[in-house]
Structures are given as C-alpha cells and as structure tokens.
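Coordinate analysis (summary)
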Amino acid sequence: MTSGSADLVIVANRLPVDRVTLPDGSKQWRRSPGGLVSAMEPVMRSNDGAWIGWTGVAGDETEPFVDDGLSLVPVPLSEQEIQEFYEGFSNGTLWPLYHDVVAKPEFHREWWDSYVTVNQRFADRAAEIAAEGATVWIHDYQLQLVPQMLRELRPDLRIGFFLHIPFPPGELFQQLPWRRQILEGLLGADLVGFQLSGAAQNFVRLVRQRVGHKTHRDLVYLPDGRTVLAAAFPISIDTAGFEELARSESVTERAAQIRAALGSPKKVLLGIDRLDYTKGIYPRLRAYSELVKDGHFDVTDSVFVQVATPSRERVEQYRVLRDDIDRLVGRINGDLGRIGQPVIAYLHSAYPRHEMAALYRAADIMVITPYRDGMNLVAKEYVACRYDNDGALVLSEFAGAANELRQAWQINPYDINGMKATILEAAHSDEKDRARRMKAMRKTVTEHDVASWANDFLAELAAVRPTHGKPVRPARLS
Ligand code: GDG
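Everything quoted here is computed from the prediction, not taken from an experiment.

Moving on to the overall build of the protein chain. Of the regular secondary structure elements, the protein chain holds 16 helices and 18 strands. What you see for the protein chain is a C-alpha radius of gyration of 23 Å, in line with the 23 Å of a compact globule of 478 residues. When its C-alpha atoms are laid out on the principal axes, the protein chain stretches across 70 × 55 × 40 Å. Buried positions account for 56% of the 478 residues belonging to the protein chain. Within the protein chain, contacts between residues at least 6 apart in sequence are counted, and of these 75% link residues at least 24 apart. Split by element, the accessible area of the protein chain, about 19900 Å² in all, is 48% carbon and sulfur. In the protein chain, which carries 56 positive and 63 negative side-chain charges, the distance between the mean positions of the two groups comes to 5 Å.

Structure (structure tokens):
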C-alpha cells in the first residue's frame, strides 16, 4: 500500500467538529469544545497531523477538508451502521459491559458484524493517509479492532491506543462472545493506554489467560517478536483554560446571577452529567431528597441543581433512564417543594462552557456519584474553577478521578446512608478544611493537565521498543 503524508494521525469515532446550520440556511463546521481537541491541536499543528472520524451526520460523504488549519478526514456511517455499530455494539454491548454491567449488555451478531465493518473502514482510511513510519493514535471503545487491522495494512506505523472508559475485570469481560477478537485487535498497538493501572493489569491478565501470550508486568511478548506495552495515562483537562474562564468578569457575574435566580440560598449543590445510567444520578437525588425530608437541608435555603445533558437518546436504556429521572424529580419536588422553591432544579439541556464555569463557581458542593466512570472530567473542571480554594467536592470512589482527587469527600453510590452522611459532612465542613482539601486537589490538576497527558502518551509511544528477542510460545485458542 502506498502511504499518505500525515506524520501524526488521530483516529476517533467523532471528528472534533459539528455541522451547524446558520440562520441563512447555510452549513458550517463548528469546533466541538472538548479537552481532547485542545490537547491534540498543538501537537497536530506541529506534526502535519490529520484527524479521522465521523461527522455525526448519517450518510455524510464529505471529502477530507481543512478547518482552521486542521486536516479533517471524514469516515461515512450509514443510518443502519449508526444503529448497529454505534448505538448497538458500542453503546448497547460494550458500554454497559465495560461499566461493571450496571445495565445489561445485549449481544447481537449483526451488531458485531457492523462493528467489524466500520472498524475496517477506519483502519483503511488511516492506512491511506499516514506517512511512512507515522504515528497513529486511536481512541476509545468504538475502535478496538483498528490497531490490528491497521498493522496488517501498514506494519511500518507506530500505533497507540487509548481507552477512555474502564477496562473490566476478566469475570465480566469473558461474557463477550468476541472477547478474543477484541484482545487481538488491541494487541495491534505498540502502546495500549488506560485511565488506571488496574485496567492495564486487567488487560494484560486477560491477554495471558485468554490469548495465551507471554507477559511480564505491563508488557506482552507476541510470537512475531513484537512487544506491546499496557500502561495507565489518567486523562485530564485544560486546567489553565478553565481557571481563566472562571476568573473572568462575565463568569463571575453570571455565577452571582445564577445564585440570585435560585433565590440566594445558603447552599447550592450541583450535579452535571451526561444523562447516563453509569453516572448514579438516581441514588444521588434520592440521597439528597431524604436529607431534605429528614430536616437536614431546608428547601427555603438550599437547592440541588442537576444538569443532565441529553445523550444517546435513541438507545432504549437511555429513554427508560430519562423517564425514571423525570418521575423521581417530579415526585421529590411534588412532595417536598414549595412555590418557587423546588428541592431539585432539574435541567435536561446542554450549555456553553461559559455557563458550565459559572455553575461550578456558583456551587458550594459538587456531587459526583457514578457507579463506574473511566475518569470523570467534571470533577477536575470543578476543581480547576475553584481558584478561591473554596467549594466541596463529593466524589464516588468508583470514578477514575477518585484515584488522584484523594482529598475529595469520597462516597460509595450503592450506600445511600453513607452517601447522605458524607454530603452532610461536606455541607458542615469549615472553611479551613475545605481550603486544605481544595488546594491539594488544585495542585494535582494543575500539575497534570490534558497537555501533559497527551505529551506523556506520545513520548511513551515514541519510546516503546517494538520488538523483543525473547523466545515465546505460540498463542493458544481460548
Ligand atoms: C468519557 C468517560 C472520561 C457535559 N455537559 C456539558 C458539557 N459537558 C462536558 C463536561 C466534561 C465532559 O462533557 C464530560 O466528561 P466526563 O469525563 O465527565 O464524562 P463522559 O462524557 O462520560 O466521558 C469519562 C472521559 O470520557 C474522558 O476520557 O473521563 O470517564 O465516560 O468535559 O464539561 N460541556 C458543555 N455543555 C454541557 O452541557 N459545554
């Protein structure tokens, strides 16, 4: 195969742009806000980089284009592929399976077939545009077969893969009928990155047990002489960017407006999540409503603001979740609210980054309670915005972020009473204690931002020794 001209290729399910229709009816691309884009942008610019992904529009056959200096290469998905590859296998099979089976994963052979077809399309595209010896960085659970498919087409490339969500323990992973294919798909990479070292260990153990390759600590030795390194790279945020936004006059003003609009309560609690069953929104709201019912919070001077960003609305489990949360909020406000004073101010909507920063600044207590989360960037964003060293973070021990944000008030979302007690503790904490905790957490997110995350990953990928001289036994079938 002939090679292209890009020295660094990012491969992700979505391109970092959205198609927007202007008031005059014309279409334009708008850069989607997100840590990954801001982290990759400088590296892409200095490396002749290109980004491969889907535009988000069914059947879109847009040719490669340049947007504000970035080369973007669309991969088309048909309506049926969106249903089978994206909503089906990615979000109906892998997402629940990788999140501790919080919801029941569905296994359908047509979904798998579509996953293979679409992964091959991404691999073909990457093979076309990557220059000789280029670095290719593949992202996330939708594209786990791409590393191996790409290696077959282009053995000259340096291939990295990063999984943004948890990697499950073997006991759960082995439910997957295509477990061996997924492991082999990932082993096409030279470096497989995870959020936590426990996930990397799960992966290496599974490779040893299920595929039969020789492993040592975080290394896998393949029979063809290649070495694959599995390691943790906890993702982060554009810390300085968030802090700057939070310090701006307009965000400061908006934060004050938000508090005033809420009736100037003594305590504002805040939850911000994609509306997803892994995020533990239900037990969180129940815990808070019980605290109100028990008289620990008074609806006249405290309020819980819950922002739930619409997500994956065509997937059945997400529709059910939305109805469950709607009903719960309605019941809580109906039972315990007053005129103009809801217990929970519930917003099913997405907001600009500016509004998010204002909400973070307006909140006394940020409550983040996922059953399982790869990292949880919202927790880090809250910390980045609290340059005043005030504000309390209540954080689930099942979020990857809990590993770094040790000074948060940590909770177990399955333990409602424990969660209630900890929220109360955070609410009654004194200023000095809050400042001590917040300062320590701010140090962490300042020292480890998304730029250092990307640099660490790419430096490790550049340093891995792709071959070994060890005699290894051939893989056995599982
Ligand atoms: C996956 C993993 C891992 C949310 N609502 C709005 C909005 N957001 C932004 C937040 C934050 C991001 O979306 C959400 O990131 P999270 O990390 O909290 O969660 P997932 O979407 O599930 O992300 C997760 C992550 O990948 C990265 O590896 O941490 O564990 O599940 O940045 O600010 N942004 C705007 N308006 C909204 O309404 N502008």
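Right, let's talk about the packing of aromatic side chains for a bit. Overall, the coordinates contain 26 aromatic pairs when judged by the stated rule. A centroid spacing of 6.0 Å and a plane angle of 55° characterise the contact between W54 and Y86, whose relative ring orientation is tilted. Within this pair, whereas W54 is found in strand β4 (residues 49-54), its partner Y86 is found in helix α2 (residues 79-98), the two being separated by 32 residues in sequence. A relative accessible area of 6% places W54 in the buried class. One cation-aromatic arrangement involves R437 over W409; the distance from NZ or CZ to the ring centre is 3.7 Å.

Among the structural elements, N376 can be located in the loop between β16 (365-368) and α13 (377-385). Overall, N376 belongs to the buried group, its relative accessible area being 7%. Reaching out from N376, the side chain makes a polar contact with the backbone nitrogen of V378 at a distance of 3.1 Å. Polar side-chain contacts of N376 include one of 3.0 Å to the backbone nitrogen of A379. Those residues within four positions of N376 in sequence are excluded, and the remaining contacts are K279, I368, P370, A399 and A401.

As a further point, take the side chain of T239. In this fold, T239 is placed in helix α8 (residues 239-247). When near neighbours in sequence (up to four residues on either side) are disregarded, T239 contacts A384, V445, T446 and D449.

In the contact formed by helix α3 (residues 109-129) and helix α4 (residues 146-153), the axes pass within 9 Å of each other and the chain directions differ by 45°. With respect to α4, the element α3 is oriented oblique. Considering only the axes of α3 and α4, their crossing is right-handed. Facing V116, N119, Q120, F122, A123, D124, A126 and A127 of α3, the residues of α4 in contact are V146, M149, L150 and L153. Here the residues of the contact of α3 with α4 sort into 9 nonpolar, 2 polar and 1 charged.

Before going further, it helps to examine the environment of D294. Along the polypeptide, D294 turns up in the loop between α10 (281-293) and β14 (302-309). On the accessibility criterion, D294 (45% relative accessible area) is partly exposed. Among the polar contacts made by the side chain of D294, one reaches the side chain of K420 at a distance of 3.1 Å.

Quick look at the pairing of β4 now. Of all 6 residues in β4, 6 are buried; the element is thus mostly enclosed. On β4, burial covers both faces: G49, W51 and G53 on one face and A50, I52 and W54 on the other are all buried. Relative to β4, strand β1 (residues 6-14) runs parallel, the two being bridged by 5 bridges. For R14, the partnering residue across the bridge sits in β4 and is W54.

Around the ligand, the surrounding shell holds 20 residues, and the nearest of these are H164, Y351, D373, L377 and E381. Separating a nitrogen atom of the ligand from a side-chain N or O atom of T309 is a distance of 2.8 Å. G374 is positioned such that a nitrogen or oxygen atom in its backbone is 3.0 Å from an oxygen atom of the ligand. Expressed as a share of its isolated accessible area of 730 Å², the protein-covered part of the ligand is 81%. At the level of elements, α12 (353-362) and α13 are the ones that each hand at least two residues to the shell around the ligand. Across the shell around the ligand, the residue classes tally to 10 nonpolar, 5 polar and 5 charged.

In this section: the sheet that holds strand β8 (residues 158-162). Spatially, β5-β6-β4-β1-β7-β8-β9-β12-β11-β10 is the arrangement adopted by the 10 strands of the open sheet, whose pairing is mixed. Among the strands making up the open sheet, the edge pair consists of β5 (65-67) and β10 (214-216). Looking at each pair of strands side by side, their axes are set apart by 25° on average, direction ignored. Relative to strand β6 (residues 70-74), β4 runs parallel, the two sharing 4 bridges.

Generally speaking, soluble globular proteins have nonpolar side chains that are buried together. Judged by nonpolar contacts, the single largest core of 99 residues is most densely connected at F167 and F203. Ignoring anything within four residues of it in the chain, the contact list for F203 reads F167, L183, L186, L187, V192, F194 and A230. Grouped together as the second largest cluster of nonpolar side chains are 70 residues, W29, V307, L395 and A454 included.

This paragraph deals with the sheet that holds β16. Neighbouring strands of a sheet are bound in pairs by backbone hydrogen bonds; such pairs are parallel or else antiparallel. Taken together, 6 strands build an open sheet; the order of strands is β15-β14-β13-β16-β17-β18 and the sheet is parallel. Each end of this open sheet is capped by a strand with a single partner; those strands are β15 (344-347) and β18 (409-411). For this sheet the average axis-to-axis angle between neighbouring strands, irrespective of direction, equals 20°. In this sheet, β15 lies alongside β14 in parallel orientation, the contact comprising 4 bridges. The partner of Q306 across the bridge, within β15, is Y346. The sheet contacts of α12 involve β13 (267-274), β14 and β16, and relative to β13 the element is tilted by about 145°.

Calculation criteria
- Each chain has its residues counted from 1, following the order in which its sequence is written.
- Side-chain atom pairs in this predicted model are given and counted only at pLDDT of 80 or more, local residue features only at pLDDT of at least 70, and totals for whole chains, interfaces and linings cover all residues.
- For the side-chain quantities, the full set of heavy atoms in the structure was used; hydrogens and water were omitted.
- Every helix listed is a DSSP run of H or I at least four residues long, and every strand listed is a run of E at least two residues long, numbered separately from the N terminus.
- The quantity called the radius of gyration is restricted to C-alpha atoms. Its globule counterpart is 2.2 Å times the number of residues to the power 0.38.
- Type-normalised accessible area, obtained with a 1.4 Å probe on protein chains alone, sets the label of each residue: buried when under 20%, exposed when over 50%, and partly exposed for intermediate values.
- The contact rule is simple, with two residues in contact once any of their heavy atoms fall within 4.5 Å.
- Note that accessible areas follow from Shrake-Rupley with a 1.4 Å probe, and for residues the cover is restricted to the protein chains shown.
- Charged-residue counts in this description rest on Lys and Arg as positive and Asp and Glu as negative, His and the chain ends being excluded.
- Charge coordinates come from a single atom per side chain, which is NZ of Lys, CZ of Arg, CG of Asp or CD of Glu.
- The pairing test for Phe, Tyr and Trp rings, Trp by its six-membered ring, is centres within 6.5 Å, and the orientation test on the planes gives stacked under 30 degrees, edge-to-face over 60, and tilted for anything in between.
- Throughout this description, the term charge over a ring refers to an Arg CZ or Lys NZ atom that lies within 6 Å of the ring centre and within 35 degrees of the ring normal.
- Whenever a nitrogen or oxygen atom comes within 3.5 Å of another N or O atom, the pair is scored as a polar contact, on the condition that within protein one atom can donate a hydrogen and the other can accept it, and that pairs from neighbouring residues in sequence are kept only if both atoms are in side chains.
- Lines fitted to the C-alpha atoms define the axes, with helices restricted to the stretch that makes contact. Angles between their N-to-C directions range from 0 to 180 degrees.
- Any angle from 65 to 115 degrees is called roughly perpendicular, while one under 35 is roughly parallel, one over 145 is roughly antiparallel, and all others are oblique.
- The hand of a helix crossing depends on one turn: near helix anticlockwise from the far one by less than a right angle means left-handed, and clockwise means right-handed.
- Three residue categories are used. Nonpolar comprises Ala, Val, Leu, Ile, Met, Phe, Trp, Tyr, Cys and Pro, charged comprises Asp, Glu, Lys and Arg, and polar comprises the others, including Gly.
- The criterion for strand pairing is that DSSP finds at least two bridges linking the strands in question.
- Here, proximity means that at least one heavy atom of the residue falls within 4 Å of the molecule or strand.
- Nonpolar core, defined: a set of buried Ala, Val, Leu, Ile, Met, Phe, Trp, Tyr and Cys residues in which side-chain atoms within 4.5 Å join the residues together.

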